[in-house]
Amino acid sequence: MPEAAPGCDEFDPNAKTLEQARTAILEACQRLEELETVALEQALGRTLAEPLAARIDVPPAAVSAMDGYALRATDAAKGARLALVGTSAAGHPWDGELQPGQCVRILTGAVIPDGAELVVMQEQVERDDATILLHNGDLATGHNIRGPGGDTAAGTPLYAAGTTLGAAEIGVLASQGIARVKVLRRPRVAFFSTGDELVPVDQPLGPGQIHDSNRHTLRALLAAYPVEVQDYGVIRDTEDAVREALTRAGATADVIITTGGVSVGDADHVTRVLQASGQVGFWKLAIKPGRPLAFGHFGQAHFFGLPGNPVAVMTTFALLVRPALQQLAGRAATAPQTLNARLLEDLHKTPGRKDFQRAVLETDERGWVVRAAGGQGSHQLRAMSEANAYVVLPRESAGARAGDWVEVLPFREIFPTP
Ligand code: AMP
Ligand code: MG
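Just so it is clear, the model here is predicted, and its values are computed rather than measured.

1. Quick look at the site of ligand 1
Lining the immediate surroundings of ligand 1 are 13 residues, of which Glu-197, Asp-212, Ser-213, Gly-261 and Gly-308 lie closest. Measuring from a nitrogen atom of ligand 1, one finds a side-chain N or O atom of Asp-212 at 2.8 Å. Measuring from an oxygen atom of ligand 1, one finds a backbone N or O atom of Gly-308 at 3.2 Å. Considering ligand 1 on its own, with 490 Å² of exposed area, one finds that the protein chains cover 75% of that surface. Broken down by secondary-structure element, the contributors of at least two residues to the shell around ligand 1 are strand S13 (188-194) and strand S15 (210-211). Residues that form the shell around ligand 1 fall into these classes: two nonpolar, nine polar and two charged.

Here it is as structure tokens:
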């Protein structure tokens, strides 16, 4: 690996590494401890605030696992003929007590009648109007019966506080008759775009203007997290406009995310306002894309000033905002899993920053292989949609060659679809 040249433009000894930035952000963004009670319909993705145990047996009674006939174990002899005395269907139990020599027609999920000890599948009998003839005699007590509590017994601990509620957990709680749950409050995330060149999507472009794409990207990224979003729109490049927006957002939000205006240009007012009125560190990050990033506080909110370039927005969100949102919402901010793949073409890089190149990860007969996906400029957002992974090239790397093994960060690890 070539040494990074100390005088090299890309190598800035004051720039923070990704790991340093991540650690500082996770130290600051502790989970919100406020609770709220929500209906099960609103509980998906939320973090449970209290441990839950099973209140009832599921199933509550012994039920049949099959469509068939319920009978006594002593009657389960091959060639036996039994009198058919009734039907037990799901939701409509048969109330009698089964006597020797009798059977009851039973459907899946129906309660096993008193006296019955097993269920024979309907395919294993011959039936006429009033009797059945058993074709199979080798059946033990309990055959095709789901006992009470066979899924979950009353009193069993179900979920610890801190569990993220997914589809299975919500189904289990529903089966327990638990209609409302105590969860952590969702972080409130305010966001806005900055830039005099920005025009909303539904308005035509004038000279020198572009559509505001970052705000739509951000809203889409945020949809994968249990957050409440507050969209402040496009804020003009004046100190007053930026201060006013930050003041409003900082009064109610837990997190503020802005894009643009964090460089050191004349129009970069986010930098100036924060220096004057917030507690903010301006970071040069040793990653590409995403060199300038502001992180700190404004009002009561954590503040993330993301760069303006759209690919840098997605990359810094995935690497640094995502873990913060996870932790604030009470989820574990586990580092995403990378894998190693064989590179199919040369990738160019200058030493100095850890590079996240947009790439297509596939498998061939050799296993994982990876190639570049389109343009690598931080403005070339379309390459993001052609890509499904980043190739991660270390800070000191001067590029990689076709045939090398490289580290790959699949998008599914960091861009979950809601
Ligand atoms: P800035 O950091 O404000 O200088 O912006 C860097 C680049 O990103 C410029 O080319 C901007 O026009 C572009 N940019 C900034 N904000 C947005 C946005 N909301 N949507 C699309 N492009 C943007
Ligand atoms: Mg700008």
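Here the narrative resumes.
2. Quick look at the pattern of salt bridges
Under the defined criterion, the tally for this structure stands at 19 salt bridges. We note a salt bridge from Arg-215 to Asp-231, for which the minimum N-O separation is 2.9 Å. In this pair, Arg-215 sits in helix H3 (residues 214-222) while Asp-231 sits in strand S16 (residues 228-235), placing the two residues 16 residues apart along the sequence. We note a salt bridge from Asp-364 to Arg-366, for which the minimum N-O separation is 3.1 Å. Taking the relative accessible area as the measure of exposure, Asp-364 reaches 25% and is therefore partly exposed. Overlapping salt bridges bring together Asp-212, Arg-215, Arg-219 and Asp-231 as one network.

3. Structural notes on the domain arrangement of the protein
Domain annotation of the protein identifies domain 1 (18-34 + 186-328), domain 2 (43-58 + 150-184), domain 3 (63-140) and domain 4 (339-414). On the domain 2 side, the residues contacting the five residues of domain 1 number four residues. Across the interface of domain 1 and domain 2, roughly 430 Å² is buried in total on both sides, 52% from carbon and sulfur atoms. Its largest share of buried area at the contact with domain 2, domain 1 owes to Arg-31, Arg-186 and Pro-226, together 72% of the area lost on that side. For the side of domain 1 that touches domain 2, the residue count by class is two nonpolar, no polar and three charged.

4. Focus on the packing of aromatic side chains
Under the counting rule described, the total for this entry stands at seven aromatic pairs. Between the aromatic rings of Tyr-390 and Phe-415, the centroid separation amounts to 6.5 Å while the plane-to-plane angle is 50°, which identifies the pairing as tilted. One end of the pair, Tyr-390, is in strand S26 (residues 389-393); the other, Phe-415, is in the segment after helix H8 (411-414), with 25 residues separating them in the sequence. Like Phe-415, Tyr-390 is buried. Linked through ring pairs, Phe-356, Tyr-390, Phe-411 and Phe-415 together constitute an aromatic cluster. Here Lys-16 stacks its cationic end above the ring of Trp-283, 5.1 Å away from the centre of that ring.

5. Description of the sheet that holds strand S21 (residues 301-306)
With mixed pairing, six strands are arranged side by side in an open sheet as S16-S13-S17-S21-S20-S18. The open sheet is flanked by S16 and strand S18 (279-284), the only strands paired with a single partner. For this sheet, the mean angle separating the axes of adjacent strands, direction not counted, is 15°. Sheet topology note: the strand S17 (residues 255-259)/S21 ladder contains five bridges and is parallel. Bridge pairing links Ile-257 to Phe-304 in S21. Strand contacts of H3: S13, S16, S17 and S21, with the helix running at about 160° to S13, the strand carrying the most contacts. Packed on one face of the sheet, helix H5 (residues 269-277) meets S13, S17, S18, strand S20 (292-298) and S21 and runs near 140° to S18.

6. Regarding the environment of Asn-144
If you trace the backbone, Asn-144 turns up in the loop between strand S9 (131-134) and strand S10 (145-146). Placed 76 residues apart in sequence, Asn-144 and Gly-68 show a C-alpha to C-alpha distance of 9.2 Å. If we ignore the near neighbours within four places in the chain, the residues touching Asn-144 are Val-63, Ser-64, Ala-65, Met-66, Val-119 and Met-121. Engagement of the side chain of Asn-144 in a polar contact is seen with the backbone oxygen of Val-119, the distance being 3.0 Å.

Reading guide: rules and limits
Residues numbered from 1 in each chain as written. Chains lettered and ligands numbered in written order. Predicted model: local features only at pLDDT ≥ 70, side-chain atom pairs only at ≥ 80, totals over all residues. Heavy atoms only, no water. Near = heavy atom within 4 Å. Polar contact = N/O pair within 3.5 Å; in protein donor to acceptor, adjacent residues only side chain to side chain. Areas by Shrake-Rupley, 256 points an atom, 1.4 Å probe, with all protein chains shown as cover. Helix = DSSP H or I, 4+ residues; strand = E, 2+ residues; numbered from the N terminus. Nonpolar A, V, L, I, M, F, W, Y, C, P; charged D, E, K, R; others polar. Salt bridge = Lys/Arg side-chain N within 4 Å of Asp/Glu carboxyl O. Buried < 20%, exposed > 50% of the residue type's maximum accessible area, 1.4 Å probe, protein only. Domains from an automatic or database assignment. Contact = heavy atoms within 4.5 Å. Buried area = accessible area lost by both parts, 1.4 Å probe. Phe/Tyr/Trp six-rings, centres within 6.5 Å; stacked < 30°, edge-to-face > 60°. Lys NZ or Arg CZ within 6 Å of the ring centre and 35° of its normal. Pairing = 2+ DSSP bridges. Axes fitted to C-alpha atoms, helices over the stretch in contact; angles between N-to-C directions.

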